[in-house]
Amino acid sequence: MSAADLAPPSERAQIARAAGIIMVGVILSRVLGLAREQVTATLFGTGDAVAAFTIADNVHTMLFDLVISGMMQAALVPVLSAYAAPAQREELRRIVGALLMLALLVVGGVVLVMELLAPWVVAGMTALGGGEQARGPETVELTIRLVRLILPAVLLLALSTILMSTLYALERFTQPSLSLAVRNAAIVAAALALGRSLGVASLVIGILAGAGLLALIQLSGLRDTMPRLNFGFSHPAIRRILLLYLPIFLGLFANTVALVIDRNLAWGVDEHALGAMRYATALNQMILGLVAAATSLAALPTLSRHFADGDEVAYQRTLATGLKLVTIMVVPATLGLAAIGWPAVALLFYHGATDLEGARAIWIALLGYLPGTFFAAFDQVLIFAYYAR
């Protein structure tokens, strides 16, 4: 009999229920994310405008990942979960308040510096691919303008991540799950309302609005545990969070270097490359978001508590349950998407400004991404299990 078979029905039900809530939120978010990419493909196609936006979006995503995004699963949720008991809520408020203040100072400062260095940042993202020679000075200037416009979203997302991690630690999954859908909805609404007048910059306006809404929704879930801003950066929990995050930061930095090289090559290799890769990624991430992310985030607080309590049997039992859930779902989902790849691409993206050549590029990119989905799904669960330790 396996460890998962020995899991108490209440624990299995708790993880399944939490995974279900997260999955509903992820479904809404991914559906709206696909709608966002579909609207983008229809309005702007796969050419230079989308290439400029993709570089700007990558800059904001890479910076967000480096400064705080990877901290949520690796450090924030596991550490904050130790202070989630009702008797420790006051201390949790102080810890979260100090984290928010630290983010305001550090992330805010980094954003200001990046605003000043935007032309050099864009050059670093495009030089190997030919820079101005590959796509012209107008596209480079547009990219610089979009980078400067999008960077404040990094600070808003950093604050949202801290609040979201607090809700996960308290096992309140509704606001974090559903708020991601609201963020994508804001981008879709901005593109539809402003796309004809502002062009691709409308997508950045939507990203800024969505990031602000994300923070407000998380705050609404913490009405009884509202953080208190303070400068208590020496608290043991904060020191532990930073210590846990150090190796993750180094790994993310290596990943950032790889992504910068990837964007450089895509910038110059083909007119459709960046747009096609963007839309194919949205389809591929649907599977990972629905299966691996939902299960992993649902199990993370429980895994953290079991390890903190020294209950290795319960820890292994919970991990086995998560791996079974992923196995049941990821295999048919990946094979199914491979089978209907071209009809899916044609249905979603072969409209408006996206021509046949662009649609074929999206399909080829999707087929290239799918084989890695199996490994990425299991890898995500195992990485989260390691974070819990």
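What you see is a predicted model; the values in this text were computed from it and never measured. (Residues numbered from 1 in each chain as written. Predicted model: local features only at pLDDT ≥ 70, side-chain atom pairs only at ≥ 80, totals over all residues. Heavy atoms only, no water.)

A few words on the overall build of the protein chain. Within the protein chain, the secondary structure is distributed over 16 helices and 0 strands. For the protein chain, the C-alpha radius of gyration of 21 Å lies close to 21 Å, the compact-globule estimate for 389 residues. Once the C-alpha set of the protein chain is aligned to its principal axes, its extents read approximately 60 × 50 × 35 Å. Among the 389 residues that make up the protein chain, the fraction classed as buried is 52%. By sequence separation, contacts in the protein chain at least 24 residues apart represent 86% of the contacts at least 6 residues apart. Here the protein chain displays about 16,300 Å² of accessible surface, and carbon together with sulfur accounts for 69% of that area. Computed over 24 positive and 23 negative side-chain charges, the separation of the two mean positions in the protein chain equals 9 Å. (Helix = DSSP H or I, 4+ residues; strand = E, 2+ residues; numbered from the N terminus. Rg over C-alpha atoms; globule rule 2.2 N^0.38 Å. Buried < 20%, exposed > 50% of the residue type's maximum accessible area, 1.4 Å probe, protein only. Contact = heavy atoms within 4.5 Å. Areas by Shrake-Rupley, 256 points an atom, 1.4 Å probe, with all protein chains shown as cover. Lys, Arg positive; Asp, Glu negative; His and termini not counted. Charge placed at Lys NZ, Arg CZ, Asp CG, Glu CD.)

In the predicted model, the protein chain carries a mean pLDDT of 87, and the fraction of residues at 70 or more is 91%. Within the protein chain, helix α7 (residues 137–150) carries the highest mean pLDDT (96), whereas helix α1 (residues 9–44) carries the lowest (76). Contacts from residues 1–6, a stretch scored under 50 in pLDDT, to residues over four places away or in other chains number 12 contacts. (pLDDT = per-residue confidence, 0-100.)

Moving on: the packing of helix α8 (residues 152–169) against helix α10 (residues 201–220). Their axes nearest at 8 Å, the elements α8 and α10 cross at an angle of 25 degrees. For the element pair α8 / α10, the angle class is roughly parallel. Of the two possible hands of crossing, α8 and α10 adopt the one that is left-handed. Where α8 abuts α10, its residues Pro152, Ala153, Leu156, Leu157, Ser160, Leu163, Met164 and Leu167 lie against Ile207, Leu208, Ala211, Gly212, Leu214, Ala215, Gln218 and Leu219. Of the residues belonging to the contact of α8 with α10, the class tally is 13 nonpolar, 3 polar and no charged. (Axes fitted to C-alpha atoms, helices over the stretch in contact; angles between N-to-C directions. Parallel < 35°, antiparallel > 145°, perpendicular 65-115°, else oblique. Left-handed = near helix turned anticlockwise from the far one by under 90°. Nonpolar A, V, L, I, M, F, W, Y, C, P; charged D, E, K, R; others polar.)

Taken together, Asp270, Glu271, Asp355 and Glu357 make up a surface patch of like negative charges. Position of Asp355 among the secondary structure elements: in the loop between α14 (341–349) and α15 (356–369). (Patch = residues over 30% accessible without salt bridge, like charges linked within 9 Å, V, L, I, M, F, W, Y side chains within 5 Å. Salt bridge = Lys/Arg side-chain N within 4 Å of Asp/Glu carboxyl O.)

Under the definition given, this model contains 8 salt bridges. Members of the salt-bridge network, linked through shared partners, are Arg36, Glu37, Asp57 and Arg278.

The next subject is the packing of aromatic side chains. All told, the structure shown has 6 aromatic pairs when counted by the stated rule. A centroid spacing of 6.5 Å and a plane angle of 65 degrees characterise the contact between Tyr245 and Phe249, whose relative ring orientation is edge-to-face. With Tyr245 and Phe249 both in helix α11 (residues 236–269), this residue pair falls 4 residues apart, about one helical turn. The class of Tyr245 is buried, set by a relative accessible area of 6%. Phe249 sits in the partly exposed class, given a relative accessible area of 30%. In this structure, Arg135 is placed above the aromatic ring of Trp267, and the distance from its NZ or CZ to the ring centre is 5.2 Å. (Phe/Tyr/Trp six-rings, centres within 6.5 Å; stacked < 30°, edge-to-face > 60°. Lys NZ or Arg CZ within 6 Å of the ring centre and 35° of its normal.)

With that settled, the discussion passes to the packing of helix α2 (residues 48–69) against α7. Orientation of α2 relative to α7, taken along the N-to-C sense of each, is 35 degrees, at an axis distance of 8 Å. In this structure, the crossing between α2 and α7 has a hand that is right-handed. Contacts from Asp48, Ala49, Ala52, Phe53, Ile55, Ala56, Asp57, Val59 and His60 of α2 reach α7 at Thr139, Leu142, Thr143, Leu146, Val147 and Ile150. Across the contact of α2 with α7, the residue classes break down as 10 nonpolar, 3 polar and 2 charged.

Grouped burial of nonpolar side chains is what soluble globular proteins tend to show. Counting 113 residues, the largest nonpolar core has Val59, Leu99, Leu146, Leu151, Ile162 and Phe349 as its most contacted members. If one sorts the elements of this core by residue count, helix α12 (residues 273–308) sits on top with 14 residues. Contact partners of Leu146, with chain neighbours within four places excluded, come to Ala52, Phe53, Ala56, Val200, Ala201 and Val204. (Core = buried A, V, L, I, M, F, W, Y, C linked by side-chain atoms within 4.5 Å.)

What follows is about the side chain of Thr143. Relative to the helices and strands, Thr143 resides in helix α7. Not counting residues up to four positions away in its chain, the partners in contact with Thr143 are Ala52, Ile55, Ala56, Val122 and Trp267.

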